[in-house]
Amino acid sequence: MNRKIYFAGSIRGGRADSEIYSRMIAYLSAYGEVLTEHVGSQALTAAGEDVVTDEYIFQRDIHWIRKADVVVAEVSTPSIGVGYEIATAEKMHKPVLCLYREKDGRKLSAMIAGNAVLHIAQYATFEEATEEIDRFFRSLDG
Ligand code: 6IA
């Protein structure tokens with residue numbers, strides 16, 4: 001299988017869910033090559049590393065979105081970068097799955113929740129998230 005998957009998750013928006021990202025990336029690997037494994041790295045903090053420039057990250061990530069067949073975004077932690085990536089993928093006509101877990105009664109941004117082009121899936125447990133991922137890929141194949 002040579003499907004390419006762009007996984008998006010908050011970095012400077014906050015790393016509270018980084019362990020969930022890494023579990024999702026591991027699960028997604030059964031469906032194809034995940035281009036953005038670093039997003040799940042526990043070593044990557046909100047401060048990030050300074051070894052590469054922001055310009056490099058931006059150019060590389062846009063390039064990867066272009067190369068990707070699908071985008072899967074974990075959107076529970078609000079992140080400007082993830083929102084930008086979702087919009088970019090939409091403009092490139094890529095299927096986008098947004099996985100959302102409600103935290104502290106906070107609702108998902110209407111700019112994501114209200115977009116009928118996106119696949120929005122709410123989950124509570126990790127198992128539910130995997131079911132939503134399975135459903136998303138089935139919907140693409142069918
Ligand atoms: O606004 P945010 O930082 O939360 O945006 C997060 C999203 O932007 C993720 O889905 C990433 O794809 C992308 N992104 C933001 N910062 C980085 C980054 N910096 N590296 C890769 N993608 C990023 C960290 C430094 C690096 C040397 C590991």
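Here, the structure is the one placed above.
Predicted model, so just to flag it, every value in this text is computed and none were measured.

**Q** How would you summarise the sheet that holds strand β5 (residues 119-122) if you had to cite specific residues and measurements?
**A** Where strands meet in a sheet, backbone hydrogen bonds hold them as pairs that are either parallel or antiparallel. Strand order in the open sheet formed by 5 strands is β2-β1-β3-β4-β5, with parallel pairing between adjacent strands. Of all strands in the sheet, those bounded by a partner on one side alone are β2 (33-34) and β5. Looking at chain direction, strand β1 (residues 4-8) and β2 are connected through 2 bridges and run parallel. Bridge assignment links Ile5 to a residue of β2, and that residue is Val34. Strands β1, β3 (70-74), β4 (96-100) and β5 of the sheet are contacted by helix α5 (residues 126-141), whose axis makes an angle of about 165° with β4.

**Q** Please provide a residue-by-residue account of the site of the ligand, values included.
**A** Surveying the vicinity of the ligand reveals 19 residues, the closest of which are Ile11, Arg12, Asp61, Ser79 and Glu85. At 2.7 Å, a backbone N or O of Arg12 approaches an oxygen atom of the ligand. Taking Asp61, its side chain carries an N or O atom lying 2.8 Å from a nitrogen atom of the ligand. At the level of secondary structure, the elements contributing two or more residues to the shell around the ligand comprise β1, α2 (54-67) and α3 (80-91). Among the residues forming the shell around the ligand, the class breakdown is 8 nonpolar, 6 polar and 5 charged.

**Q** Just give me the short version of the side chain of Glu132, but keep the residues and values in it.
**A** As for its placement among the helices and strands, Glu132 is situated in helix α5. Side chain to side chain, Glu132 and Arg135 meet in a polar contact 3.2 Å long. In this structure, Glu132 is in contact with Leu97, Leu99, Ala121 and Gln122, ignoring residues within four places of it in sequence.

What counts and how
Residues numbered from 1 in each chain as written. Predicted model: local features only at pLDDT ≥ 70, side-chain atom pairs only at ≥ 80, totals over all residues. Heavy atoms only, no water. Pairing = 2+ DSSP bridges. Helix = DSSP H or I, 4+ residues; strand = E, 2+ residues; numbered from the N terminus. Contact = heavy atoms within 4.5 Å. Axes fitted to C-alpha atoms, helices over the stretch in contact; angles between N-to-C directions. Near = heavy atom within 4 Å. Polar contact = N/O pair within 3.5 Å; in protein donor to acceptor, adjacent residues only side chain to side chain. Nonpolar A, V, L, I, M, F, W, Y, C, P; charged D, E, K, R; others polar.

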